[in-house]
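Listed here are the chains, written in short residue letters.
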Amino acid sequence: MPGGTWTLGDTTVSRFGYGAMQLAGPWVMGPPADRDGALAVLRAAAGLGITHLDTSQAYGPAVTNELIREALHPYPDALFVATKVGADRDGQGGWPVARGPQDLRRQVHENLRSLGVERLDLVNLRMGNAQGRLPGSVTEAFGTLAQLRDEGLIRHLGVSNVTAGQVEQARGIAPVVCVQNMYNLAHREDDALIDALAADGIAYVPFFPLGGFTPLQSGTLSAVAARRGSTPMAVALAWLLHRSPNILLIPGTSSTEHLRENVAGAGLELSEADLAELDSIGTGNPVGA
Ligand SMILES: NC(=O)c1ccc[n+]([C@@H]2O[C@H](COP(=O)([O-])OP(=O)(O)OC[C@H]3O[C@@H](n4cnc5c(N)ncnc54)[C@H](OP(=O)(O)O)[C@@H]3O)[C@@H](O)[C@H]2O)c1
C-alpha cells in the first residue's frame, strides 16, 4: 500500500490516502466541471492501492459523497471512508457552524444516505470555523457523536480543527482514533501535538498537506525535488510521511496525472540533508544554524 500502513481503530489503511474536497465545483460548491474526470480520479486512487478516503457531506454539498458512491460502491472491505460533521453550507458558499445535537444527527444521516452505507467508518467532529481553531468546549457535540456511535451508526470518531486541549477533552468522552488539523511543510504549529499523539497511537491527518487553495511554493522545496528527480508536491508529501509514523496523508487533486505524481512521493527516499533543508522551510531555522 502506498506509504505503508496504519491501523485506524480496527482497520488497516494505506498511509497515503486521498482527500475528495477538490472534486466538487469551484470553492467546493456544486458539481465538478469534468464529472467523468472526477470519477476517474477516484477509481485511479483505488487502483493505486489507496484505501483511505476523506470526504464530507458539506463538500458540494453532497457532491463528493455522491461521486465516491458512484465510482466505488459497493465498497471493497478494505476501503475506509472518513467523513466530517459540524458545518453546513449556505447559498454564498459559506461554512456556517452547525454543531447542535439535532444538526449532528441530521448530518450523520445525510452522510449515510449519500455514501450509501448503514454505518460510517469514521466521523470527525469539526470544531472552530472556516478561519481556524477557536477555544470552546467539545463536550456536547462529541458526546452526541459518541451516542450515535453507541447506536451503531458510526464505527470510529475523530476531531478536526482542534486545539490540544480540545483533543484531551474529547478523549475523556470516547476513544479518538485521529486528529485532522492543518499542517504542512510551511505550517508547523502542531509539531508538539503530532509527537504527543504518536506516543499514544493516535493518527494525525494533516489537511492542506500541499498548502490547500494556494499550493506550497518554495525555492528550497523545488531544489530538493530537482536533486531527487521528483516534483515539489511529491517531495512535500514524502517529507510528511518521514515526519512521524502516525501521519496519514489525504492530499487532494482533481487530476489523475497529479494523483499519480503525488503517489510517487510515497516511494521517495529523502536523505538527512534533504530533511534538514526541508525542515528549515517551516521552522525558520536555516540549515546549519
Ligand atoms: N477538516 C477540515 O477542516 C478540512 C479542511 C480542508 C480540507 N480538508 C480535507 O483535506 C484534503 C486535502 O486538502 P486540499 O485538497 O484542500 O488541499 P491540498 O491537498 O493541500 O492541495 C490540493 C491542491 O493542490 C493541487 N495539487 C495537488 N497535486 C498537485 C500536483 N502534483 N501538482 C500541482 N498541484 C497539485 C490541487 O490542484 P489540482 O486539482 O489541479 O491537482 C489542489 O489545488 C481535502 O480534500 C479534504 O478532504 C479538511
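Conventions used here
Every chain's residues receive numbers from 1 upward, in the order its sequence appears when written. Totals for whole chains, interfaces and linings use every residue, but because this is a predicted model, local features are given only for residues with pLDDT of at least 70 and side-chain atom pairs only at 80 or more, for both listing and counting. Secondary structure elements follow DSSP: runs of H or I of four or more residues count as helices, runs of E of two or more count as strands, with numbering from the N terminus. For a compact globule the rule gives 2.2 Å times the number of residues to the power 0.38, and the radius of gyration it is set against comes from C-alpha atoms. Any residue with 12 or fewer other C-beta atoms within 10 Å of its own C-beta is exposed, any with 20 or more is buried, and the rest are partly exposed; the C-beta atoms used are placed from the backbone. By the criterion used throughout, residues are in contact when their C-beta atoms, derived from the backbone, lie within 7 Å. For two strands to pair, DSSP has to find at least two bridges joining them. By convention a crossover is right-handed if, when the strands point away from the viewer, the path from the first strand over the helix to the second runs clockwise. Nonpolar core, as used here: buried Ala, Val, Leu, Ile, Met, Phe, Trp, Tyr and Cys residues forming one set through C-beta atoms within 7 Å. By definition, the arc is the one covered by directions from the helix axis to the C-beta atoms. Nearness between a residue and a molecule or strand is assessed with a C-beta atom placed from the backbone; a distance within 6 Å qualifies. Lys, Arg, Asp and Glu make up the charged group, whereas Ala, Val, Leu, Ile, Met, Phe, Trp, Tyr, Cys and Pro make up the nonpolar group; the residues left over, Gly among them, are polar. UniProt positions are given in the numbering used here, feature names are shortened, and annotations may be inferred rather than shown by experiment.

J.: So, the overall build of the chain: which residues are in play, and what are the values?
T.: Summing up its helical and strand segments, the chain has ten helices and nine strands in all. Relative to the globule expectation of 19 Å for 289 residues, the C-alpha radius of gyration of the chain, 18 Å, shows essentially globular dimensions. When burial is assessed residue by residue, the chain has 46% of its 289 residues classed as buried. In the chain, 72% of the contacts between residues at least 6 apart in sequence involve partners at least 24 apart.

J.: Break down the sheet that holds strand β3 (residues 18–19) for me, citing the residues and quoting the values.
T.: Strand order across the open sheet formed by seven strands is β3-β4-β5-β6-β7-β8-β9, with parallel pairing between neighbours. The outermost strands of the open sheet, each flanked by one partner alone, are β3 and β9 (203–204). In this structure, strand β6 (residues 120–126) lies alongside strand β7 (residues 154–160), joined through six bridges in parallel fashion. Following the sheet pairing, Leu120 is matched in β7 by Ile154.

J.: Can you explain the pairing of strand β5 (residues 80–85)? Please cite residues and give values.
T.: For β5, the tally of buried residues reaches six of six residues, placing the bulk of the element in the interior. Neither face of β5 is open: one carries Phe80, Ala82 and Lys84, the other Val81, Thr83 and Val85, and all of them are buried. A crossover links strand β4 (residues 52–54) with its parallel partner β5, the connecting element being helix α2 (residues 63–72), and its sense is right-handed. Examined bridge by bridge, β5 and β6 share four bridges and lie parallel to one another. Its bridge partner lying in β6, Thr83 is registered against Val123. One crossover worth recording links β5 to the parallel β6 by way of helix α3 (residues 101–115), and it is right-handed.

J.: Which residues make up the nonpolar core, and what are the values?
T.: With 83 residues, the main nonpolar core has Leu145, Val159, Val179, Ala203, Leu221, Val235 and Ala236 as its most contacted residues. When near neighbours in sequence (up to four residues on either side) are disregarded, Val179 contacts Gly158, Val159, Val162, Val167, Leu197, Ile202 and Tyr204.

J.: Could you give an account of helix α5 (residues 164–171), naming the residues involved and the relevant values?
T.: Of the positions making up α5, those classed as buried are Gln166, Val167 and Ala170. Viewed along the axis of α5, the buried residues span an arc of 105°, placing them on a single side of the element. The inward-facing, buried residues of α5 abut α4 (139–150), β7 and β8 (178–180).

J.: Any details on the site of the ligand? Residues and values, ideally.
T.: In the vicinity of the ligand there are 28 residues, among which Gly19, Met21, Leu210, Gly252 and Thr253 approach most closely. Per-element accounting of the shell around the ligand gives the leading share, three residues, to helix α9 (residues 256–264). The residue inventory of the shell around the ligand, partitioned by class, reads ten nonpolar, 14 polar and four charged.

J.: Help me get a handle on the UniProt feature "domain: NADP-dependent oxidoreductase" (unreviewed entry) in the chain, residues and values and all.
T.: UniProt annotation of "domain: NADP-dependent oxidoreductase" (unreviewed entry) refers to residues 17–281 when read in the numbering used here. Within residues 17–281, the helical portion is 41% and the strand portion 11%, while the C-alpha atoms at the span's ends are 24 Å from each other.

J.: Kindly report on unusual backbone geometry, identifying the contributing residues and their values.
T.: In this chain, Gly60 is followed by Pro61 through a cis amide linkage whose omega measures -15°. By the secondary structure assignment, Pro61 is in the loop between β4 and α2. The step from His73 to Pro74 runs through a cis peptide bond, and the omega angle for that step is 0°. For Trp27, which is not glycine, the phi torsion reads 55° and is therefore positive. C-beta crowding within 10 Å serves as the criterion here: with 10 such atoms nearby, Trp27 is assigned to the exposed category. Although it is not a glycine, Asn161 adopts a positive phi angle of roughly 60°. Following the sequence through the fold, Asn161 ends up in the loop between β7 and α5.

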